[in-house]
Amino acid sequence: MPATPQKQFTMLVCQLPGVEAVQAQSRHSFGRHMHAQFGIGVVLQGAQKSLSDRGVVEAVAGDTITVNPGEIHDGTPLGDAGRSWQMLYLEPALIATLMDDISEGNSRQREFSLPVIRNARISQAVRHLFATVTSPQAAIMSAEEQMLLLFSRLMQEPASQPEAAPPAIQHARSLIDDDPTAELSLQTLAQQQGLSRFQLLRAFAKNTGMTPHAYILQRRLQHARRLIAAGMPLVQVAMECGFADQSHMTRLFIRNFGLSPGAYAQR
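Residues numbered from 1 in each chain as written. Predicted model: local features only at pLDDT ≥ 70, side-chain atom pairs only at ≥ 80, totals over all residues. Heavy atoms only, no water.

> Could you clarify how one ought to interpret the packing of aromatic side chains in this entry?
For any pair of aromatic rings, the description consists of the separation of the ring centres together with the inter-plane angle of the planes. Scanning the entire structure with this criterion turns up 8 aromatic pairs. What links up through ring pairs into an aromatic cluster is the set Phe9, Phe30 and Trp85. Between the NZ or CZ atom of arginine 225 and the centre of the ring of tyrosine 89, over which it lies, the distance is 5.8 Å. Note that arginine 225 overlies the ring of phenylalanine 257, its terminal NZ or CZ placed 4.4 Å from the centroid. (Phe/Tyr/Trp six-rings, centres within 6.5 Å; stacked < 30°, edge-to-face > 60°. Lys NZ or Arg CZ within 6 Å of the ring centre and 35° of its normal.)

> Would you mind going over the packing of helix H4 (residues 167-178) against helix H6 (residues 197-208) with me for this structure?
Two packed helices can be described by the angle between their axes and the distance between those axes. H6 packs onto H4 with a crossing angle of 80 degrees between their chain directions and a minimal axis gap of 10 Å. On the basis of the axis angle, H4 is roughly perpendicular to H6. From H4, Ile169, Ala172, Arg173 and Ile176 reach across to H6, where they touch Leu200, Ala203, Phe204, Asn207 and Thr208. Per-class residue counts for the contact of H4 with H6 are 6 nonpolar, 2 polar and 1 charged. (Axes fitted to C-alpha atoms, helices over the stretch in contact; angles between N-to-C directions. Helix = DSSP H or I, 4+ residues; strand = E, 2+ residues; numbered from the N terminus. Parallel < 35°, antiparallel > 145°, perpendicular 65-115°, else oblique. Contact = heavy atoms within 4.5 Å. Nonpolar A, V, L, I, M, F, W, Y, C, P; charged D, E, K, R; others polar.)

> Explain the packing of helix H2 (residues 120-134) against helix H3 (residues 140-154) to me, please; I cannot follow it from the model alone.
At their nearest, the axes of H2 and H3 sit 10 Å apart, and the two run at 150 degrees to each other. In terms of orientation, H2 lies roughly antiparallel with respect to H3. Considering how the two elements wind past one another, H2 and H3 form a crossing that is left-handed. Within the contact between the two elements, H2 uses Ile122, Ala125, Val126, His128, Leu129, Thr132 and Val133 and H3 uses Ser142, Ala143, Gln146, Met147, Leu150, Arg153 and Leu154. A per-class count over the contact of H2 with H3 returns 9 nonpolar, 4 polar and 1 charged. (Left-handed = near helix turned anticlockwise from the far one by under 90°.)

> It is not clear to me how the side chain of serine 103 should be interpreted in this structure. Could you clarify?
Position of serine 103 among the secondary structure elements: in the loop between helix H1 (92-102) and strand E9 (111-112). A residue is classified by how much of its surface remains accessible, and serine 103, at 14% relative accessible area, is buried. A polar contact is formed between the side chain of serine 103 and the backbone oxygen of methionine 99, at a distance of 2.7 Å. (Buried < 20%, exposed > 50% of the residue type's maximum accessible area, 1.4 Å probe, protein only. Polar contact = N/O pair within 3.5 Å; in protein donor to acceptor, adjacent residues only side chain to side chain.)

> Just checking my understanding: could you explain H6 for this structure?
Spacing of three or four residues puts side chains on the same side of an α-helix, whose turn is 3.6 residues. Under the 1.5 Å per step criterion, the end-to-end length of H6 is 16 Å for 12 residues, consistent within 8% with the ideal 16 Å. Along H6, the residues classified as buried are Leu200, Phe204 and Thr208. Down the axis, H6 shows its buried residues gathered within 30 degrees of arc, on one side only. Exposed residues pointing more than 90 degrees away from the buried face of H6 are listed as Phe198, Arg202 and Lys206. As for H6, its buried residues are in contact with H4, helix H5 (186-192) and helix H7 (212-229). (Expected span 1.5 Å × (residues − 1). Arc of directions from axis to C-beta.)

> What exactly am I supposed to notice about H1 here?
Residues of H1 that are buried: Leu94, Ile95, Leu98 and Met99. Projection of H1 onto a plane perpendicular to its axis shows the buried side chains occupying an angular sector of 135 degrees, all on one side. Of the surrounding elements, those touching the buried residues of H1 are strand E2 (19-26), strand E4 (38-52), strand E8 (83-90), H3 and strand E11 (155-156). Glutamate 104 sits one or two residues past H1 and shows a positive phi near 55 degrees.

> Got a minute to help me understand the nonpolar core in this structure?
Among soluble globular proteins, nonpolar side chains are generally buried collectively. Counting residues in hydrophobic clusters, the biggest one holds 29 residues, and the most contacted among them are Phe9, Val237 and Phe243. For this core, the secondary-structure elements that each account for two or more residues are strand E1 (7-12), E2, strand E5 (55-60), strand E6 (64-67), E8, H7, helix H8 (234-240) and helix H9 (246-257). With 5 residues, H7 is the single largest residue contributor to this core. Leaving out residues up to four positions away in the same chain, phenylalanine 9 has contacts with Val22, Gln23, Ala24, Ser26, Phe30, Trp85, Phe257, Gly258 and Leu259. Cys14, Met99, Phe112 and Phe151 belong to the second largest nonpolar core, which has 26 residues in total. (Core = buried A, V, L, I, M, F, W, Y, C linked by side-chain atoms within 4.5 Å.)

What follows is the structure, encoded as structure tokens:
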């Protein structure tokens, strides 16, 4: 039997605007990262454990896995064989439109309430939706119907609002979010908040799950992904997003998303 590939990611052509489809097989352990989109998929083979907003969870073949925008998570295979999965990433604006329809105009903030769902009917519905949106003969109406039925069942109002970060950390995070390409030093961020560098580092990591530098890189990668999708040349994207060069962007892009910027651009 041939060995399981170390890492194989395929981004499939998706027929529905605002949706990206990825199929993956990997033994790789992913560090902490986040996505700008909602993610929902199914573990096809193997198993993994991952960090989520609800703590560390485990998912095995047949389980549905989800992630909300901005949710810090990672992923480590359980066992030597790795795992394979299918994943759909949906733009928040698309989810907002679906929720507005489902709630008949009374939409409030919604999110996936469980990072792992062990329900055969739900996983079958997710795999069916994945097949529909990646089919060359995709029926858009069918995809819309499936999404409305699926997300009306899965998307819930947050059970409770997360504890607000201290104002200093909120302000530091806003500075990064407003311009992730800016050359900010730890000293500059700390002085602006009236903190020492260590105080800022410790509080920022506690409230976001990442150091300020790691958070900046995540925001730059998300910005790069949007620019690549818009058709900007990769060299220019690297410059626009504050990376040292294109190879630097490529290394981080692969580490975070599992495929190269060039492969992403082709899709």
